[in-house]
Amino acid sequence: DSKAAVTMSDQQGGSVLDPDTLSLDQLSQLKTQEENKLTAITQRYGQLRAVSARYHASKDAISELQGDATDGKEIMVPLTDSVYVPGKIRKSDKVMVELGTGFYAEKNLDDAIAFVDRKIALIETNSSNVLKIIQATQSNVESINVSMQGKLLEIRAKQEGLKHQAANA
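Residues numbered from 1 in each chain as written. Predicted model: local features only at pLDDT ≥ 70, side-chain atom pairs only at ≥ 80, totals over all residues. Heavy atoms only, no water.

### Section: the overall build of the chain
- Assigned secondary structure in the chain consists of 2 helices and 6 strands.
- Taken from N to C terminus, the helices and strands of the chain fall in the order β-β-α-β-β-β-β-α.
- Relative to its full complement of 169 residues, the chain shows a buried share of 23%.
- About 11800 Å² of surface is accessible on the chain, with carbon and sulfur atoms providing 53% of the total. (Helix = DSSP H or I, 4+ residues; strand = E, 2+ residues; numbered from the N terminus. Buried < 20%, exposed > 50% of the residue type's maximum accessible area, 1.4 Å probe, protein only. Areas by Shrake-Rupley, 256 points an atom, 1.4 Å probe, with all protein chains shown as cover.)

This is how it looks when you write it as structure tokens:
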């Protein structure tokens, strides 16, 4: 018998279920729910990691502007993900940062790096929290699997016992 409890989160908060009190069908449904949750939060984690990588790339680009004189330096300016036009840097002491969807602010390089660092820290905190949820959900799925195996063994043992009783009757 598995003595592990499965923590289920719902909108009212977390509740704890003892998998040993559930039927095989209920365990199967619970396992499907937890696997679906695991898929969704794993995708979310991947998205957070991709955003973090973009912010790190942004920080590197800003840092490059802080180096030697970059005014007049030729660069390729993206119009879309795959279309670029040549351009030249006019003022390398200021950049435009995206504050939110469609909102931008001009910042000096130090302020821009500080802004990006805050975004990276926020994303890292969120990533860490999502990773904890992934680990807890994986543990839930494992506990459910153990309980399901136990239930199957119980069912087989009962069936064998009934066959044995029928053969001796």
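### A few points about the side chain of Lys-151
- With respect to the element layout, Lys-151 can be found in helix H2 (residues 109-168).
- With sequence-adjacent residues up to four places away left out, Lys-151 is seen in contact with Pro-19, Asp-20, Leu-22, Leu-24 and Leu-27. (Contact = heavy atoms within 4.5 Å.)

### Remarks on a nonpolar patch on the surface
- A cluster of nonpolar side chains, Ile-75, Val-77, Leu-79, Val-83 and Val-85, forms an exposed patch at the surface whose accessible area comes to about 360 Å².
- Secondary-structure assignment places Val-77 in strand S3 (residues 74-78). (Patch = residues over 30% accessible without salt bridge, like charges linked within 9 Å, V, L, I, M, F, W, Y side chains within 5 Å. Salt bridge = Lys/Arg side-chain N within 4 Å of Asp/Glu carboxyl O.)

### Quick notes on the pattern of salt bridges
- Counted according to the given criterion, the structure contains 3 salt bridges.
- Among the salt bridges present, the one from Arg-49 reaches Glu-124, with a minimum N-O distance of 3.3 Å. A residue pair is termed long-range when its members are at least 10 positions apart, and Arg-49 in helix H1 (residues 24-65) and Glu-124 in helix H2 qualify at 75 residues.
- The exposure class of Arg-49 is partly exposed, given its relative accessible area of 30%.

### A short note on the pairing of strand S5 (residues 94-100)
- Relative to strand S6 (residues 103-108), S5 runs antiparallel, the two sharing 6 bridges. When the bridges of S6 are listed, Lys-94 appears paired with Asn-108.
- The turn linking S5 back onto S6 is made up of 2 residues, and Gly-102 within it adopts a positive phi angle of 80 degrees. (Pairing = 2+ DSSP bridges.)

### Considerations on H1
- For H1, spanning 42 residues, the distance from its first C-alpha to its last is 62 Å, which sits close to the expected 62 Å at 1.5 Å a residue.
- Among the residues making up H1, those that are buried are Leu-27, Leu-30, Glu-34, Leu-38, Ile-41, Leu-48, Ser-52, Ile-62 and Leu-65. (Expected span 1.5 Å × (residues − 1).)

### Thoughts on the nonpolar core
- Formed by Ile-62, Leu-65, Ile-89, Val-95, Val-97, Leu-109, Ala-112, Ile-113, Phe-115, Val-116 and Ile-120, the largest nonpolar core amounts to 11 residues.
- Take this core: its biggest share by element is 6 residues, from H2.
- In contact with Val-97, other than residues within four places in its own chain, are Phe-103, Tyr-104, Ala-105, Lys-107, Ala-112 and Phe-115. (Core = buried A, V, L, I, M, F, W, Y, C linked by side-chain atoms within 4.5 Å.)

### Description of the pairing of S3
- The pairing of S3 with strand S4 (residues 84-88) spans 5 bridges and is classified as antiparallel. In the sheet register, Glu-74 faces S4, and the bridge partner there is Lys-88.

### Some remarks on the confidence of the model for the chain
- For the chain, per-residue confidence averages 87 on the pLDDT scale, and 89% of positions sit at 70 or higher.
- Summarising per-element confidence for the chain, the mean pLDDT is lowest in strand S1 (residues 6-10) (52) and highest in H1 (95).
- Segment residues 9-13 is flagged for pLDDT under 50; beyond a separation of four residues in sequence, or across chains, it makes 4 contacts in the model. (pLDDT = per-residue confidence, 0-100.)

### Side note on the environment of Gly-46
- As for its position among the elements, Gly-46 is in helix H1.
- Along the sequence, Gly-46 and Ser-127 sit 81 residues apart, while their C-alpha atoms lie 8.9 Å from each other.

### Overview of the side chain of Ser-92
- Looking at where Ser-92 falls in the secondary structure, it is placed in the loop between S4 and S5.
- Judged by its relative accessible area of 12%, Ser-92 is buried.
- Beyond its immediate sequence surroundings of up to four residues, Ser-92 is in contact with Leu-65, Thr-70, Asp-71 and Leu-109.

### Observations concerning the packing of H1 against H2
- Direction vectors running N to C along H1 and H2 enclose 160 degrees, while the axes themselves pass 8 Å from each other. The angle between the axes of H1 and H2 places the two elements in the roughly antiparallel class. Considering the relative orientation of H1 and H2, their crossing is left-handed.
- Residue classes in the contact of H1 with H2 are distributed as 26 nonpolar, 12 polar and 11 charged. (Axes fitted to C-alpha atoms, helices over the stretch in contact; angles between N-to-C directions. Parallel < 35°, antiparallel > 145°, perpendicular 65-115°, else oblique. Left-handed = near helix turned anticlockwise from the far one by under 90°. Nonpolar A, V, L, I, M, F, W, Y, C, P; charged D, E, K, R; others polar.)

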